[in-house]
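Structural overview
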Amino acid sequence: MPKIRCRGCETVLNAPDNARGKVIKCPKCSTKLKVPAGEAESAPQAPAKKKSPPNKQPKKQVSEDNFLGRLDAIDELDLEHDEEQICPYCASEMEDIEEDPVCRKCGMNVETGKMDAKEKKKRAIKGPDPALFYKEVWKNSWEFMWKEKGLAIRTGTNWMVFSVLCAMTWYMSYVFCKNAPPKVFWGSLAILTGLALPGWYWLLGLKIIRSTYLNEDVRSDRLNVDMFQSIASGIRAVVWPLILMLPIAGPLIIVLAVFSLHALTTGDPTILILVSSVVFLPSILVLPSAMVHMTAKYKYKGWIMWELVKVVSKVFVSTLFFLMVVFVCLLPVVLVAGPIFFLIKDINPFTSEVISGITHNMTMWLAKVADLGQVNKDSMYYTLIKGPFNIMFAFLVFGPIAYMAGFPAIFIMRANGLFGYYNQRALDLVEQISPNTPATFWVRYLAHTIDSPLVSLASFLVTANDKALMLQWFLNAVGLLVFFFSRPMFPTYCMIWPLYTTWLYWAVQEGSQIKTTLGKDAFGLIVVKEDSEQQITMGQASGRFALRIICDLLLGLPYFTAAFRKDKRTLHDIATKTRVVWKGDR
């Protein structure tokens, strides 16, 4: 018979064999306990009991017969809770012991009776001496770079291919094609392939930083090139400074949008690059800390400028030292790229007059050798011969730069990981949040920033209520009919459709069983009732929607109450008796 010690009253209980693996209650204090399932397992040791005062009797051990005699009564009280399972070591709730036997609060494995290896390793990280970062960053990063030289070569190859594709599609869009549809097609491809360049660094960098932070080996053999994944990461890399700077540099973002439009219409990205450098200069200072936070389970701090400023203030010297390391590493790349672009007099080999002149002469020479007759710039033979020559020169231009950048990139990624490892105590990464914790103002701002552009796509994104979705598609059909056959009614329709679409996105999602919107769900937030964790009613969700419109009309000022209240609630939360909280880790 397994013996277990109650953590409530410290009474030792002799549990029968048929109670193994079940959750029972202590007969004396009703504390829920988990009986070990193994045959030879014993109860975890409790702290030594203090001596009883002279005027008090010591606690007695409940006899086996007494326990067995009350077993039927225990079963009647529904002691085996399938939905509510308790860790026998810390008495915290566990969601599903069979699926995940590791308690996320204490780290114990309830099946083996030992600390889980991964949890033990994670909890053992208390943080090394930050002063060692300045000494180890050069040596450790250098050794890592040469150890993973294959990964550096692969990085250079990816960047070379992405650069050639981006330059070629940009040329096709703004020089070769004359009509609008092909221009839009090739221009879209140019943007996507361009996003893959920072995307690969973002994707690979996060994996190396995380492995360095946890003292794990980088499984470079499992890091495969994925064009679409690189593009998706590139979107995050480009959107990150936009979201980061939006609260404090809204006018500059508008200026950036204007110059982006100028670059798309003229095909000259030079001014856009210069303006972007000025707009996003503050984000460079917080980038090392943000990249480390992006590897945590809860990444929201990496997207909030205020949180990053607080972190950087603690590791300011380390941040400057890391940026100095980046400058030293990229200096050889600049020394190689500078003369190359100076010689070809253009950053795009396909539009360079120097390279175009060389490839023209090579094309005419080859046409003469092949005896193709009269060949001019408008002939098909000229295009078929000159095109491959241009592509070859594009690889010759971007190849040396890409491979020269691949090795420093791996060095910088490792250095960023060491920056996080040696400054982990100051960085304060968020790996666990208790359920029902109020969501702070800034994380709600992030969720709202994600939700706002998605509202117009409610017809495709919201599936929580079939009837509401059917009405949405009915309005979509009516809109098409009104647009084609009744233009005078179209302004009226344009007032009804956005209102219903916005209600569908906010109210239907928050009032359903999912309790959240897409933006909130990205950060692990849900909307619940004021006094419980239950889902809110559709009436409460509709009230939140109506009050949100009023708050937006007031320039969002009522939202700022969440920044000053202890419960982090806004005025529309208080008025509708709702809360926005974290799902958390149980």
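The structure reproduced in this document is the subject of the present report. The structure displayed is predicted, hence computed values, not measured ones.

**Quick look at the pairing of strand 9 (residues 525-529)**
When you tally the buried positions in strand 9, you get four out of five residues, the bulk of the element. Relative to strand 10 (residues 578-582), strand 9 runs antiparallel, the two being bridged by five bridges. Counterpart to Lys529 in the pairing with strand 10 is Thr578.

**Concerning the nonpolar core**
Counting 68 residues, the largest nonpolar core has Phe133, Trp240, Tyr300, Leu525 and Trp582 as the members making the most contacts within it. With seven residues, helix 14 (residues 380-422) is the largest single contributor of residues to this core. The contacts of Tyr300, once residues within four sequence positions are left out, are Val430, Ile433, Val443, Leu446, Phe523 and Trp582. Counting 27 residues, the second-largest nonpolar core is a separate cluster that includes Phe144, Phe162, Ile340 and Val397.

**Quick word on the packing of helix 5 (residues 149-176) against helix 6 (residues 180-213)**
Running from N to C, helix 5 and helix 6 cross one another at 160 degrees; their axes reach a closest spacing of 7 Å. Between helix 5 and helix 6, the interaxial angle falls into the category roughly antiparallel. Crossing geometry of helix 5 relative to helix 6 is assigned as left-handed. Of the residues contributing to the contact of helix 5 with helix 6, the split by class is 17 nonpolar, eight polar and one charged.

**As for the pattern of salt bridges**
Within this structure, the stated rule accounts for 13 salt bridges. With a shortest N-O distance of 3.2 Å, Lys301 and Asp428 are connected by a salt bridge. Pair noted here: Lys301 is in the loop between helix 10 (281-293) and helix 11 (305-314) and Asp428 is in the loop between helix 15 (424-427) and helix 16 (441-454), with a separation of 127 residues, a long-range link. Lys301 gets classed as buried once you look at its relative accessible area, which sits at 10%. The salt bridge partner of Arg544 is Asp573, with a shortest N-O separation of 2.4 Å. Of the two residues, Arg544 sits in helix 21 (residues 538-553) while Asp573 sits in helix 22 (residues 571-576), which places them 29 residues apart along the sequence.

**Focus on the packing of aromatic side chains**
The geometry of an aromatic ring pair comes down to the distance between the two centres and the angle between the two planes. One pass over the full model with this rule turns up 22 aromatic pairs. Where Phe133 meets Phe419, the ring centres are 6.0 Å apart and the plane angle is 75 degrees; that geometry is what we call edge-to-face. Of this pair, Phe133 sits in helix 4 (residues 133-147) while Phe419 sits in helix 14; the two residues are 286 residues apart in sequence, bridging distant segments of the chain. Given the relative accessible area of 0%, Phe419 is considered buried. A ring pair is formed by Tyr421 and Tyr422, whose centres lie 5.0 Å apart and whose planes are at 80 degrees; its orientation type is edge-to-face.

**Some words on helix 6**
With 34 residues, helix 6 ought to run about 50 Å at 1.5 Å a step, and its terminal C-alpha atoms sit 49 Å apart, in line with that. Pro198 marks where helix 6 bends most, by close to 35 degrees. Immediately beyond the C-terminal end of helix 6, within one or two residues, lies Asn215, with a positive phi of roughly 60 degrees.

**What about the side chain of Thr516?**
Position of Thr516 among the secondary structure elements: in the loop between helix 19 (490-510) and helix 20 (518-523). The class of Thr516 is buried, set by a relative accessible area of 4%. Polar contacts involving the side chain of Thr516 include one to the main-chain carbonyl oxygen of Leu525, which spans 2.8 Å. If we skip the residues at most four places from it in the chain, Thr516 touches Gln509, Glu510, Asp521, Leu525 and Ile526.

**Side note on a negative patch on the surface**
Together, Glu95, Asp96, Glu98, Glu99 and Glu111 make up a region of like negative charge exposed at the surface. Secondary-structure assignment places Glu111 in the loop between strand 7 (108-109) and strand 8 (114-115).

**Description of the environment of Val184**
Structurally, Val184 can be placed in helix 6. Accessibility expressed as a relative area gives 55% for Val184, which makes it exposed. For Val184 and Tyr174, which are 10 residues apart along the polypeptide, the C-alpha to C-alpha distance reads 9.5 Å.

**So, unusual backbone geometry**
Generally, phi is negative for residues other than glycine and the peptide bonds are trans, each holding for most cases. Within the chain, Asp428 stands out as a residue other than glycine whose phi angle is a positive 55 degrees. Here Asp428 falls in the partly exposed class, since its relative accessible area comes to 42%. In this structure, Lys577 takes a positive phi of about 55 degrees despite not being glycine. Lys577 gets classed as exposed once you look at its relative accessible area, which sits at 52%.

**Description of the side chain of Thr212**
Within the secondary structure, Thr212 is located in helix 6. On the basis of relative accessible area, Thr212 is assigned to the buried category, the value being 4%. Of the polar contacts made by the side chain of Thr212, one reaches the backbone oxygen of Ile208; its length is 2.8 Å. Every residue in contact with Thr212, bar those within four places of it in the chain, is listed here: Arg414, Gly417, Leu418 and Tyr421.

How each quantity is defined
Residues numbered from 1 in each chain as written. Predicted model: local features only at pLDDT ≥ 70, side-chain atom pairs only at ≥ 80, totals over all residues. Heavy atoms only, no water. Buried < 20%, exposed > 50% of the residue type's maximum accessible area, 1.4 Å probe, protein only. Helix = DSSP H or I, 4+ residues; strand = E, 2+ residues; numbered from the N terminus. Pairing = 2+ DSSP bridges. Core = buried A, V, L, I, M, F, W, Y, C linked by side-chain atoms within 4.5 Å. Contact = heavy atoms within 4.5 Å. Axes fitted to C-alpha atoms, helices over the stretch in contact; angles between N-to-C directions. Parallel < 35°, antiparallel > 145°, perpendicular 65-115°, else oblique. Left-handed = near helix turned anticlockwise from the far one by under 90°. Nonpolar A, V, L, I, M, F, W, Y, C, P; charged D, E, K, R; others polar. Salt bridge = Lys/Arg side-chain N within 4 Å of Asp/Glu carboxyl O. Phe/Tyr/Trp six-rings, centres within 6.5 Å; stacked < 30°, edge-to-face > 60°. Expected span 1.5 Å × (residues − 1). Bend = angle between axes of the 7 residues up to and from the residue. Polar contact = N/O pair within 3.5 Å; in protein donor to acceptor, adjacent residues only side chain to side chain. Patch = residues over 30% accessible without salt bridge, like charges linked within 9 Å, V, L, I, M, F, W, Y side chains within 5 Å. Areas by Shrake-Rupley, 256 points an atom, 1.4 Å probe, with all protein chains shown as cover. Lys, Arg positive; Asp, Glu negative; His and termini not counted. Charge placed at Lys NZ, Arg CZ, Asp CG, Glu CD.

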